[in-house]
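Fold and geometry: a report
The lines below spell out each chain.
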Amino acid sequence: MYRALYEYKTDLQQYLSFQTGDQFTVLDNSQKDWFLVQNGYGEIGYIPKNYVQEDKVSISEVLKSIDRAIEVIHYDASSKGGKYTHIQRENLRKLIEHRDNVKHSADTQQGSAASSEVPSCSRRAAPAPPAEGQRSRSSSEVKPEQPHCSSMGLVSNSQIPKEIVKDNQAQSPEVSDMSNRDKQSALSLAMTCPKVDTTDTGSSPFPSPSKSNTMSKKVQGETTVIDYSTVAVPANLGDDLVDVVRNNTGVSYKLSCVAVETMLAHIATSIPEVSQLMDRINRTFGEVNEGSQAEEEMNADYERLTDLFVRLTECKDDSQQRGWFLHEDEHIISANLTEMLSILENAKPSVCRKVLESDSFESVHNLVQYYQMENRVSLRLMLLQVFGALCSLEGGSAVITMLLCSVLTTELAKELQQNIDDVQRSSYVALLLSMIFSTGEPVPASLHDHLNADFLNFIFENIENPVSGDHEDKLSDVLVNLVLAFNLHLHVPAASPMLQVIEERRTVKVFTEKILLLFNRDEDPVRLFEGSSVPNSVMKVLQDLYSRPGTAGILYTNDAKVLLDIILRHLIDLSPCDKLRSSHLKLMQLYLEHADYKEHRHRSTELRECLQRIQAEEEDTGDDKHIVQYIFTNLTLFND
């Protein structure tokens, strides 16, 4: 350690101010005239070499000073919500590295020397700061003595390491005289350190090891070094830990993953020597191999879900239960369905899919048959929720395809028409139908025999003229979503039964108002899976409406003007080559071509300028320029 001979004041961020007698631990002495030091208060910076003198103290005193600095940094970060600054992270790394160096030197050098007295001599002039650290100083003269106030130092612009917490493992013999209070304080601060913010320090959530990836321990009087880089980590340990957390707490798979990752990160932060080991464990999450696939079949969720499907299949095959009105088993079936729903919503999605794939989705088919046979409303409602959870599984398109081609679709359509007075039941049925239709897949030809013009007219009637206020509040939006999803399967507007129904009704005011609201918000309420190739359902229904002259005038004039405002805003805001801009431009073309724009010519000047700007773009925007050229050439709306 070094002791200050004189007072030193500075306004530079990279340098420390200090008082006569302050002690420092040198971290770097490579500069000619400057030491990089820590002052025991968590601050690191440069001080002039000729202002300090070596102060020989015991190794334990040096370690105490370093530990105090580490504790101060942790305490300051914990008081601010556990967020470590750029400076604090770098300072922690340097302090830990220096502490390791001191401990290493203590193993080879024994004994300590008493502190030397501070000689009385005249003050010397401080050297100029290092060239690479030059900055303008607000004052280069020594100021009169003031109360001690150190300035936090920014140390280097090298790669920022993650937080490293002080080592609380076995100390060297020279540290044995550290007070119990200091030990407990350091340990408490390290173990209660909040979760570390590592968003700007690389992909790994764990701090870099201080200097080595080893830890020593006493074994029968001899020191044994453990090299954690050689410790074998099972390939699926991360997933196993998640299963342990989920099985013992009942929380969802996603929350269990968060719990395990947080625990590994905290261990790595608290014990830097094992950080690489924790990182290796963390990397085992989601590794797909033969072992992981086999372990999924031994997963508790896998076994329980398989058993529940078997139990419900037995209910389907129980002809006695279906023939008698003896419902003593209702609470048992209800409990099974509740547990199945919980597993489908909270278990690892790949485990659920594996259960379904194990019998080629025969279990889903059995569930559909059971739904047909079950008359109890409470159980049918629970089955609807189970079907919804099956459709919502990540990668659950195979389930949707099966349900779409099953008898369930027509069964649900009949149930919706027969039980429209029951708001809850109708909402569940309409929501499940929307999910089944949400993929836009081709449907069996026989399906349109049941979901025909009469069915669509029934839906529009309940949207426009709801039976009660409860229906208007809770059912109308769900029915609108059902129309949007069903329209994804209708690829030829000229032959669309939905457009035919709208044309015959002549007005669907409530429906179009809700569509405009969704369009303005850029929302697609029936999109289940992000990244799917299914077109935006709201954009498609608007383009379909304006593809036929019979439905192009379905909007009231004020609503049509609102539509044009929304389209124009998107055309101005969206960048060239954006597919969404192309969709809006296509919708604009269809509106101008088939609607009554000549009657109001809403914002014609702005629209013309927008189209001219698109036409003059240097980028190769493909269809955009062709659409604009078609509007100017064939529609002759802006030639005056």
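One structure accompanies this document, and this report is about it. Numbering of residues begins from 1 in every chain and follows the order in which that chain's sequence is written. In keeping with the predicted nature of the model, local features appear solely for residues at pLDDT of at least 70, side-chain atom pairs appear and are counted solely at 80 or more, and the whole-chain, interface and lining totals rest on all residues. Side-chain numbers come from the whole structure's heavy atoms, not from hydrogens or water.

**Examining the overall build of the protein chain**
Secondary structure elements are defined from DSSP: runs of H or I of at least 4 residues count as helices, runs of E of at least 2 residues count as strands, and each element is numbered from the N terminus. When helices and strands are counted, the protein chain shows 28 helices and seven strands. The buried label goes to any residue with under 20% of its type's maximum accessible area, the exposed label to any with over 50%, and the partly exposed label to all in between, with areas taken from a 1.4 Å probe on protein chains only. When the 640 residues of the protein chain are sorted by exposure, 49% land in the buried category. A contact between two residues is defined here by any heavy atoms of the two lying within 4.5 Å. Restricting the contact set of the protein chain to residue pairs at least 6 apart, pairs at least 24 apart contribute 73%. Within the structure as shown, the protein chain displays about 31,100 Å² of accessible surface, and the carbon and sulfur contribution to it stands at 49%. Accessible surface area values rest on a Shrake-Rupley calculation with a 1.4 Å probe, where residue burial reflects the displayed protein chains alone.

**Points about unusual backbone geometry**
Glycine aside, negative phi is the norm for most residues, and most peptide bonds take the trans geometry. One non-glycine residue, Ser360, lies in the positive phi region at around 55°. Within the secondary structure layout, Ser360 lies in the loop between α11 (349-358) and α12 (362-373). Positive phi outside glycine occurs at Arg603, with the angle close to 55°. Secondary-structure assignment places Arg603 in the loop between α26 (597-600) and α27 (604-615). Of the residues examined, Arg603 reaches a relative accessible area of 30% and is grouped as partly exposed.

**A look at the sheet that holds strand β5 (residues 52-54)**
Here a strand pair is declared whenever DSSP counts at least two bridges between the two strands. Taken in spatial order, the five strands of this open sheet run β4-β3-β2-β1-β5, and their pairing is antiparallel. Since the sheet does not close on itself, it has two edges, and those belong to β4 (44-48) and β5, each with one partner. Taking each pair of neighbouring strands and ignoring which way they run, the sheet shows an average axis angle of 45°. Summarising the sheet, strand β2 (residues 23-28) and strand β3 (residues 34-38) pair through three bridges and their orientation is antiparallel. Among the inter-strand pairings, Thr25 is bridged to a residue of β3, identified as Gln38. Axes, fitted as lines to C-alpha atoms, cover a helix only where it is in contact. Angles between the N-to-C directions of the axes lie from 0 to 180 degrees.

**Regarding helix α6 (residues 275-282)**
The element α6 is extensively covered by neighbouring structure, given that six of its eight residues are classed as buried. Along α6, the residues that are buried comprise Ser275, Leu277, Met278, Asp279, Ile281 and Asn282.

**Description of the nonpolar core**
What we call a nonpolar core is a set of buried Ala, Val, Leu, Ile, Met, Phe, Trp, Tyr and Cys residues that are connected through their side-chain atoms within 4.5 Å. Phe387, Leu390, Phe437, Phe511, Tyr546, Leu563 and Leu592 are the most contacted members of the largest nonpolar core, which has 117 residues in total. The biggest single contributor to this core is helix α13 (residues 377-392), with ten residues. In this structure Phe511 touches Phe460, Ile463, Glu464, Val480, Val483, Ile502 and Val541, once residues within four positions along its chain are discounted. Core analysis: the next-biggest nonpolar cluster, separate from the first, contains 33 residues, Leu5, Phe35, Ile59 and Leu63 among them.

**So, the environment of Glu54**
Relative to the helices and strands, Glu54 resides in strand β5. Among the residues examined, Glu54 registers a relative accessible area of 42% and is labelled partly exposed. Sequence separation between Glu54 and Tyr2 is 52 residues; the distance between their C-alpha atoms is 4.3 Å.

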